[in-house]
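Results of the structural survey
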Amino acid sequence: MNQPQSWEARAEEFSLYGFTDMPSVHDRGTVVVTHGEGPYVVDVHGRRYLDANSGLWNMVAGFDHKGMIDAAKAQYERFPGYHAFFGRMSDQTVMLSEKLVEVSPFASGKVFYTNSGSEANDTMVKMLWFLHAAEGKPQKRKILTRWNAYHGVTAVSASMTGKPYNSVFGLPMEGFIHLTCPHYWRFGEKDETEEQFVARLARELEDVIAREGADTIAGFFAEPVQGAGGVIPPAKGYFQAILPILKKHDIPMISDEVITGFGRTGNTWGAETYGFMPDAIISSKNLTAGFFPMGAVILGPELAKRVGDAVEAIEEFPHGFTASGHPVGCAIALKAIDVVMNEGLAQNVRDLAPRFEQELQRLAQKPNIGEYRGVGFMWALEAVKDKATKTPFDGKLSVSERIANTCTDLGLICRPLGQSVVLAPPFILTAAQMDEMFQKLEAALDKVFAEVA
Ligand SMILES: Cc1ncc(COP(=O)(O)O)c(C=O)c1O
């Protein structure tokens, strides 16, 4: 085999890329990364990048946390792999479930493990279908989510995701209904107050339930802050308006906390930050601080009881993954929770969030920034051609990609999403590193806006 020479050429020759703009890769080459140092990653050429996306939101303790690495090594030496089928599971799995219920907003509950956030959402949907059928409502199967939601890529979680790109797969499947995205700045109508906007979304939910029939709706899934939708915090009072309607119609509310979990919004859960109590939580990413692929469904007391009863009735929940509750993943997750909560990481997010916001507020004065939005350590700046009318740039200009590419050239990784640039750094970021992030971002914004405006 004639092997291409450079890392970049080898990557392109033999790898298929997920969610990657291929013309950009052909043009600029792949960034091939070898290792990390704190919040930085280093490529094969020795270039350092401040990763203001924490990998994919998940490497919250940085890329070389010694305690995390030691916990993984120790568990690999003790017991390197097992499952959670047939009435067996590892001691680490038992301990992690206890810990997850303890740190959840629930007084009691039960946990089921997967390998990813997508699988956790799929699992939750299957659990709801299973539960409603066992309770004599096999037709209670439809799933409500919102436009701009991101719940994953498996066939079910992609159907839940409210993004037009899934049409290339012929998705969503039937029975997945997307409601209005609660982004007031973008979807509020002319002269509509935020309160009126929320009331309109609540009415929409009532109308959809009336049209479809509550007995056909299995559950409502929502990210507290829509992450991959472009970091969209809910309009004020949104969850308070939605939850009573769901409760009234016996529609479980599932908080997809794959991004917002374990401190990203400044509290352990996004549900806490926005003051609502879900029926279940979906967790992944930060659960292991990105050191192991793992997802979890955390059921609150009522669903835990109902699902438990349904399982007893047919003597089995016929679902699970080979690596569900993997002992190394569980040991890593136990350590990650400890590190985030007890090594000052969650506190650092709370301490530095005001400075983060202040800097964004300053950048948002630029004529081509329409909005800054976010919370804790997850924020976005939205580029606009015209600030007053909120008119976006022509898509062909690829403004956010150009900003992100210019940042990469300057040694900063940030993520283009639609016309927004997303910043979600590791929780270990220092104030000085935050300054570095903003200096590089501002230089990139000024360069690109000078080219396109
Ligand atoms: C809110 C949310 N849910 C689910 C997922 C899917 O997780 P995974 O990529 O681990 O399948 C993601 C991934 O970004 C996410 O942001």
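Refer to the structure above for everything that follows.
The notes below deal with the structure included here. Here the structure is a predicted model, which means the values were calculated and not measured.

Let us now look at the sheet that holds strand β15 (residues 420–423). Read from one edge to the other, the open sheet built from four strands follows the order β11-β12-β15-β14, with strand pairing classed as antiparallel. The open sheet is flanked by β11 (369–375) and β14 (415–417), the only strands paired with a single partner. This sheet shows a mean twist of 25 degrees between the axes of neighbouring strands, independent of strand direction. Sheet topology note: the β14/β15 ladder contains three bridges and is antiparallel. Opposite L417, over in β15, you have S420 as the bridge partner.

With that settled, consider the nonpolar core. Grouped together as the largest cluster of nonpolar side chains are 123 residues, with contacts concentrated most on A61, A296, V297, A336 and C414. Here this core takes nine residues from helix α13 (residues 327–342), the largest share from any one element. When residues of this core are assigned to domains, at least three map to each of domain 1 (31–61 + 344–452) and domain 2 (69–342). In this view, V297 contacts V111, F112, A120, T123, M124, M127, A280 and I282; residues no more than four positions away in its chain are not counted.

Its 19 residues place the ends of helix α9 (residues 194–212) 27 Å apart at the C-alpha level, agreeing with the 27 Å of an ideal helix rising 1.5 Å per residue. Taken together, the buried positions of α9 are occupied by F197, V198, L201, L205 and I209. Along the axis of α9, the buried positions cluster into a sector of 120 degrees, meaning they face one direction only. Within α9, the exposed residues directed more than 90 degrees away from the buried face are R203, D207, A210 and R211. In the segment just after α9, G213 is the residue with positive phi, at about 90 degrees.

Analysis parameters
Residues numbered from 1 in each chain as written. Predicted model: local features only at pLDDT ≥ 70, side-chain atom pairs only at ≥ 80, totals over all residues. Pairing = 2+ DSSP bridges. Helix = DSSP H or I, 4+ residues; strand = E, 2+ residues; numbered from the N terminus. Axes fitted to C-alpha atoms, helices over the stretch in contact; angles between N-to-C directions. Core = buried A, V, L, I, M, F, W, Y, C linked by C-beta atoms within 7 Å. Buried ≥ 20, exposed ≤ 12 C-beta atoms within 10 Å, placed from the backbone. Domains from an automatic or database assignment. Contact = placed C-beta atoms within 7 Å. Expected span 1.5 Å × (residues − 1). Arc of directions from axis to C-beta.

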